[in-house]
2 protein chains.
Amino acid sequence: MNKSDKEITITDVARQAGVSMATVSRVVNGNNNVKETTRKKVMEVIDKLHYRPNAVARGLASKKSTTIGVILPSMTDLLYANLAKGIDDVASMYKYNIILTSLKNGIGSEQQLFNDLLAKQVDGIIYMGEDISNVLYKEMSNSRVPIVFAGAIDPDGEFASVNIDYVTAVRDVIKLLIDSGNQKIAMVTGNLDSPINSKYRLKGYQQALEQAGLKYSSANVFETVYNLTAGAAAWDAIHDSGATAAYVSNDLLAAGVLNAALDAGVRIPEDFELVTGSNTILCDVTRPQMTSIAQPLYDIGAVAMRMLTKLMNDENIQDKTIRLPYSLIKRGTTKN
Amino acid sequence: MNKSDKEITITDVARQAGVSMATVSRVVNGNNNVKETTRKKVMEVIDKLHYRPNAVARGLASKKSTTIGVILPSMTDLLYANLAKGIDDVASMYKYNIILTSLKNGIGSEQQLFNDLLAKQVDGIIYMGEDISNVLYKEMSNSRVPIVFAGAIDPDGEFASVNIDYVTAVRDVIKLLIDSGNQKIAMVTGNLDSPINSKYRLKGYQQALEQAGLKYSSANVFETVYNLTAGAAAWDAIHDSGATAAYVSNDLLAAGVLNAALDAGVRIPEDFELVTGSNTILCDVTRPQMTSIAQPLYDIGAVAMRMLTKLMNDENIQDKTIRLPYSLIKRGTTKN
DNA sequence: ATGAAAGCGCTAACAT
DNA sequence: ATGTTAGCGCTTTCAT
């Protein structure tokens, strides 16, 4: 165990233990076809030499890297951080390492990033994000690695995915807001071209209005980006629209809206009600605390990873699309 | 490009291009010793066949994985998420992939995790965290991979590290608080056995008191954990101690303290001043917004990664320990 | 239960 | 400028 030692290989162990490489390999991999005394002897040499199997060589020979790729839009978004945590825990439970790559705008395209992952021979990939470009989607379709979408919408339903039912979740939110007397409710979200917004959230929003006999107007739908200042910036327009409540799809964005409203002297929830969408810790940090759709973020990540292990193992999956239950957690930004 | 295609190897390309594997390898690796016409021909075949070099085989042959390991305490802590983002950006700039592993309590020890990284033949490692166990530290000392500590204290100064000057940063905070009239200032932080707390933050705290002629009392130092409820739980004790201000080392913890104070009807900053330590987005989310030490988190990560590339390249480093400048951002939780 | 030997796909001398 | 070849450290038939 000295810095100048060269790496110990399976050959060294075999020689010192007086057995063949094959036997050492069997011992290391828990193969039963090894006599107990042999196993013990080999183990002793392994300990003595501090032998550590080279995972790269192993990967080349076995064509399995015990590494998966995880693609996410941003490391600093608590939504994805929580999903990633679920993935990480289950991955390490099954002895997989994670190569984490975030979508960078600019340097290196999405496909580049995906191909890098494939070059590294990852055994599977988990994709997260509201959007997926057509190019990347096509690359994924043409590839042989198992892929699971976590908390992300697979527009064509081709891949396995783990989600909540965004349509009913948003419908529940809007219904809550309508029930407490709001007639004009804003919906504040990200890019309306994303399926998750256009095909799910917006649909839930519209369904709830329709069921209540309220008419839908695109003037009440605000498209922006997911950060604090965007929320603050959106507030004036929201307020001017005459809305008395808002569903905001992202917690950070919601915090921006909330604080701008508060700063403008609006009383929350008396004058304006607000519901957000991810139930990250931000909901507890703001004052008043934010009512939110409680997505089981950690579980979504964990279940997605578990699914991926099955796919990588060629086990068959009963349902390719798993919808986890959500709830609505009422806090201080709604009247109740 | 069909799912049933088998992988294209360098041999396939060589054969189809009518050259040797070595030449293909040269083309792929940008070696200049290739005639332009040959290069073109090879490139054409590569494109046609959608050849993608197998990074695992490459790693085995070249003994470089172009992968680094990143160890952090928690993926959902915005402090580390921001550091990781800096690391990630620079890593991808230099074509390195990141294997991200978080310290799990329980399953798999720290050493296990570290050894897994070594088994995967990572070219370097970045370590983050307030603490490091003696066992892991010793393992690291005995290993040959370059290691950089990012935003983490290397107790013995054996490894390269990137930091801010925690002593003076905290001293500045306390001085600010003293200057605005506080005589009794609480310090709220994590495990006091960690060097970063015992040897740095506490020292800065004590120095500032001393310079102002105030006496230090351990009764004003509160040891807890970094989460929201811990902050709320700590508030009563802090208040009871008679402190009129507090330096809290972690943003989430600080938010907990702040909100508990607010909920108790204390006016901030009139009745109680508060300064936190990481300047994450949480500082902007709370009302009032939190005054904070502005650590250049992203830069710390980026610089650490840049250092690591140098170490992996055997370039020599001028300073093993880099201290990045910090500032104090005054917001609403302090009087001025 | 164990060993011999042929790869896995690539890089890196070494020749030419 | 290009080719030949010997590994890199391991797994995996195939024998025995």
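Residues numbered from 1 in each chain as written. Chains lettered and ligands numbered in written order. Predicted model: local features only at pLDDT ≥ 70, side-chain atom pairs only at ≥ 80, totals over all residues. Heavy atoms only, no water.

As named in an unreviewed UniProt entry, chain A is Catabolite control protein A, taken from Bombilactobacillus bombi. The UniProt entry for chain A carries the following comment under Function (unreviewed entry): "Global transcriptional regulator of carbon catabolite repression (CCR) and carbon catabolite activation (CCA), which ensures optimal energy usage under diverse conditions." (UniProt positions renumbered as here; feature names shortened; annotations may be inferred.)

Undergrad: What is the right way to read the pattern of salt bridges from this model?
TA: In a structure, side chains of opposite charge can pair up when their charged atoms sit close to one another. Tallying each qualifying case throughout the model produces 20 salt bridges over all chains. In this structure, D12(A) engages R15(A) in a salt bridge whose closest nitrogen and oxygen atoms are separated by 3.5 Å. Taken together, the residues span about one helical turn, with D12(A) and R15(A) both in helix α1 (residues 10-17) at a distance of three residues. Taking relative accessible area as the criterion, R15(A) reaches 58% and is therefore assigned exposed. D284(A) is the partner of R331(A) in a salt bridge, and the nearest nitrogen-oxygen pair spans 3.3 Å. One end of the pair, R331(A), is in the segment after β12 (327-329); the other, D284(A), is in helix α12 (residues 282-285), and 47 residues separate them in sequence. The exposure class assigned to R331(A) is buried, which follows from its relative accessible area of 17%. The structure contains a network of salt bridges with shared partners spanning E7(A), R52(A) and R144(B). (Salt bridge = Lys/Arg side-chain N within 4 Å of Asp/Glu carboxyl O. Helix = DSSP H or I, 4+ residues; strand = E, 2+ residues; numbered from the N terminus. Buried < 20%, exposed > 50% of the residue type's maximum accessible area, 1.4 Å probe, protein only.)

Undergrad: Help me understand the environment of K138(B) in this model?
TA: Considering the arrangement of structural elements, one finds K138(B) in helix α7 (residues 134-142). Distance in space between the C-alpha atoms of K138(B) and Q111(B) is 9.6 Å, their sequence separation being 27 residues.

Undergrad: Would you mind going over the sheet that holds strand β7 (residues 221-223) of chain A with me for this structure?
TA: Neighbouring strands of a sheet are bound in pairs by backbone hydrogen bonds; such pairs are parallel or else antiparallel. Residues and elements named next belong to chain A. Spatially, the six strands line up as an open sheet ordered β7-β6-β8-β9-β10-β12, and their pairing is mixed. At either end of the open sheet lies a strand with only one pairing partner, and these are β7 and β12. Put simply, the sheet's adjacent strands are angled 20° from each other on average, direction ignored. As paired elements, strand β6 (residues 185-189) and strand β8 (residues 245-248) share four bridges and run parallel to each other. (Pairing = 2+ DSSP bridges. Axes fitted to C-alpha atoms, helices over the stretch in contact; angles between N-to-C directions.)

Undergrad: What is the right way to read the relation of the copies chain B and chain A from this model?
TA: Two chain copies, one operation linking them: a rotation about an axis together with a shift along it. Each copy of the sequence occupies a distinct position, and chain B is placed on chain A by a rotation of 180° and an axial shift of 0.0 Å, giving an RMSD of 0.1 Å. As the rotation angle and translation indicate, the two copies are arranged about a two-fold axis. Closest approach to the rotation axis within chain B is made by the C-alpha atom of I99(B), at a distance of 2.2 Å. When the interface residues of chain B are mapped onto chain A, 98% of them again fall at the interface, so both copies present the same face. (Least-squares fit on C-alpha atoms with pLDDT ≥ 70 in both. Contact = heavy atoms within 4.5 Å.)

Undergrad: What is the right way to look at the protein's contact with DNA strand D in this model?
TA: Lining the immediate surroundings of DNA strand D are 26 residues, of which I10(A), Y51(A), R26(B), K35(B) and T38(B) lie closest. Within 4 Å of the protein, the contacting atoms of DNA strand D are 59% sugar and phosphate, with bases supplying the remainder. Between DNA strand D and the protein, one listed contact pairs a base nitrogen with a backbone N or O atom of A57(A) at 3.4 Å. At a separation of 3.5 Å, a phosphate oxygen of DNA strand D approaches a polar side-chain atom of R58(A). Every element with two or more residues in the surface near DNA strand D is listed here: α2 (21-28) and α4 (55-62) of chain A together with α2 (21-28) and α4 (55-62) of chain B. (Near = heavy atom within 4 Å. Polar contact = N/O pair within 3.5 Å; in protein donor to acceptor, adjacent residues only side chain to side chain.)

Undergrad: Where do I start with unusual backbone geometry in this structure?
TA: Across residues other than glycine, the phi torsion is negative in most instances, and most of the peptide bonds are trans. Residues and elements named next belong to chain A. In this structure, the amide linkage connecting I268 to the following residue, P269, adopts the cis form with an omega of 5°. The backbone of N279 shows a phi angle near 55°, a positive value even though the residue is not glycine. Structurally, N279 can be placed in the loop between β9 (273-276) and α12. For N279, a relative accessible area of 21% puts it in the partly exposed group.

Undergrad: Help me understand the interface of chain B and chain A in this model?
TA: It is common to give the size of an interface as the accessible area lost on bringing the parts into contact. In this complex, chain B contributes 57 residues to the contact, which on the side of chain A involves 57 residues. Summing both partners gives a buried area of about 5,100 Å² for chain B against chain A, and 58% of it is carried by carbon and sulfur. Linking chain B with chain A are six salt bridges, by the criterion used here. Here D88(B) and K104(A) are joined by a salt bridge, their closest N and O atoms 3.2 Å apart. Scanning the region where chain B abuts chain A turns up 24 residue pairs in polar contact (both at pLDDT 80 or more). Only α4, α5 (78-93), β2 (97-102), α6 (110-119), α7, α11 (251-263) and α12 (282-285) of chain B provide two or more residues apiece to the side of chain B that touches chain A. Ranked by the residues each element gives to the side of chain B that touches chain A, the list is headed by α5(B), at nine residues. Its residues assigned to classes, the side of chain B that touches chain A comprises 22 nonpolar, 20 polar and 15 charged. (Buried area = accessible area lost by both parts, 1.4 Å probe. Nonpolar A, V, L, I, M, F, W, Y, C, P; charged D, E, K, R; others polar.)

Undergrad: I would appreciate a short explanation of the sheet that holds strand β7 (residues 221-223) of chain B in the present structure.
TA: Residues and elements named next belong to chain B. Strand order in the open sheet made by the six strands is β7-β6-β8-β9-β10-β12, with mixed pairing throughout. Single-partner strands in this sheet number two, and they are β7 and β12 (327-329). Direction aside, the axes of adjacent strands within the sheet are offset by 20° on average. Across three bridges, strand β8 (residues 245-248) lies against strand β9 (residues 273-276) in parallel orientation. Bridge pairing in β9 links A246 to L274. Packing of helix α9 (residues 195-211) onto the sheet brings it into contact with β6 (185-189), β7 and β8, and relative to β6 it is tilted by some 165°.

Undergrad: Explanation requested: the packing of α1(A) against α2(A) in the structure shown.
TA: Think of two packed helices as two axes; the pair is described by the angle between the axes and how far apart they sit. Residues and elements named next belong to chain A. The N-to-C vectors of α1 and α2 enclose an angle of 105°; their axes lie 8 Å apart at closest approach. When the interaxial angle is binned, α1 and α2 end up roughly perpendicular. Judged by residue contacts, I10, T11, V13 and A14 of α1 engage M21, V24 and S25 from α2. Residues of the contact of α1 with α2, tallied by class, amount to five nonpolar, two polar and no charged. (Parallel < 35°, antiparallel > 145°, perpendicular 65-115°, else oblique.)

Undergrad: Sorry if this is basic, but what is going on with the environment of V28(A) here?
TA: Residues and elements named next belong to chain A. Looking at the secondary structure, you find V28 in helix α2. Residue classification places V28 among the partly exposed residues on the basis of a relative accessible area of 28%. Along the primary structure V28 and N250 are separated by 222 residues, whereas in three dimensions their C-alpha atoms are 47 Å apart. When near neighbours in sequence (up to four residues on either side) are disregarded, V28 contacts I46, Y51, P53 and R58.

Undergrad: Sorry, what's going on with the protein's contact with DNA strand C here?
TA: The environment of DNA strand C is formed by 27 residues, the closest being R26(A), K35(A), T38(A), I10(B) and Y51(B). When atoms of DNA strand C within 4 Å of the protein are sorted by moiety, sugar and phosphate together comprise 61%. A61(A) has a polar backbone atom sitting 3.3 Å from a base oxygen of DNA strand C. Within the contact set of DNA strand C, a phosphate oxygen lies 2.3 Å away from a backbone nitrogen or oxygen of I10(B).

Undergrad: What exactly am I supposed to notice about the packing of aromatic side chains here?
TA: For any pair of aromatic rings, geometry is given as the distance between the ring centres together with the angle between the planes. Residue and element names in this part refer to chain B. Inspection of the entire model under this criterion finds 12 aromatic pairs over all chains. With centroids separated by 5.4 Å and ring planes inclined at 80°, the aromatic side chains of Y137 and F159 adopt a geometry described as edge-to-face. In this pair, Y137 is assigned in helix α7 and F159 in the loop between β4 (147-150) and β5 (160-163), connecting sequence segments 22 residues apart. In terms of burial, Y137 and F159 fall into one category: buried. Plain terms: the ring middles of W235 and F272 are 4.9 Å apart, the flat faces sit at 85° to each other, and that makes the pair edge-to-face. On the criterion of sequence distance, the pair formed by W235 in helix α10 (residues 228-240) and F272 in the loop between α11 and β9 is long-range, its members being 37 residues apart. Taken individually, W235 and F272 each receive the classification buried, so the pair is uniform in this respect. (Phe/Tyr/Trp six-rings, centres within 6.5 Å; stacked < 30°, edge-to-face > 60°.)

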